[in-house]
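Single-letter residue listing:
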Amino acid sequence: MSDSLIELSARLQRTAELLRAGQLEPDATLSAIEECARLATEASAQVDQRARAALEPLPDLPGQLPLPSS
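Definitions and cut-offs
- Residues numbered from 1 in each chain as written.
- Predicted model: local features only at pLDDT ≥ 70, side-chain atom pairs only at ≥ 80, totals over all residues.
- Heavy atoms only, no water.
- Helix = DSSP H or I, 4+ residues; strand = E, 2+ residues; numbered from the N terminus.
- Buried < 20%, exposed > 50% of the residue type's maximum accessible area, 1.4 Å probe, protein only.
- Axes fitted to C-alpha atoms, helices over the stretch in contact; angles between N-to-C directions.
- Parallel < 35°, antiparallel > 145°, perpendicular 65-115°, else oblique.
- Left-handed = near helix turned anticlockwise from the far one by under 90°.
- Contact = heavy atoms within 4.5 Å.
- Nonpolar A, V, L, I, M, F, W, Y, C, P; charged D, E, K, R; others polar.
- Expected span 1.5 Å × (residues − 1).
- Arc of directions from axis to C-beta.

Draft legend 1. Broad picture of the environment of Val47. Within the secondary structure, Val47 is located in helix 2 (residues 26-55). Looking at Val47, the relative accessible area reads 46%, which means it is partly exposed. When the C-alpha positions of Val47 and Ile6 are compared, they lie 12 Å apart, and in sequence the two are 41 residues distant.

Structure below.
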């Protein structure tokens, strides 16, 4: 995992811990839930982007010869 995904995961875990503690006011609880959703969406987008990049073939470089098919 990259540093940004580790940071997002840690922030998501801290926010979830606040929610589990049950000591937040209703408005703060709503804000924490929205923050969890935002962080999860951001992490999902990063994972998706990296997965797509790993699956895309590299472009042919100028002067590169094709491999023989055998």
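Draft legend 2. Geometry of the packing of helix 1 (residues 3-21) against helix 2. It is at 9 Å that the axes of helix 1 and helix 2 come closest, and there the two elements cross at 155°. Taken together, helix 1 and helix 2 sit at an angle that is classed as roughly antiparallel. Note that helix 1 runs across helix 2; the crossing there is left-handed. Contacts between helix 1 and helix 2 involve Ser4, Leu5, Leu8, Arg11, Leu12, Thr15, Ala16 and Leu19 from the former and Thr29, Ala32, Ile33, Glu35, Cys36, Arg38, Leu39, Glu42, Ala43, Gln46, Val47 and Arg50 from the latter. A class-by-class count of the residues in the contact of helix 1 with helix 2 yields 11 nonpolar, four polar and five charged.

Draft legend 3. Structural view of helix 1. Taking 1.5 Å of rise per residue, 19 residues should cover 27 Å, and helix 1 covers 27 Å from first to last C-alpha, within 8% of that figure. Those residues of helix 1 lying buried are Leu5, Leu8, Thr15 and Ala16. Looking straight down helix 1, one finds its buried side chains confined to an arc of 100°; they lie on one side. Looking at the buried positions of helix 1, the neighbouring elements they touch are helix 2. Once helix 1 ends, the next one or two residues include Gly22, with phi positive near 70°.

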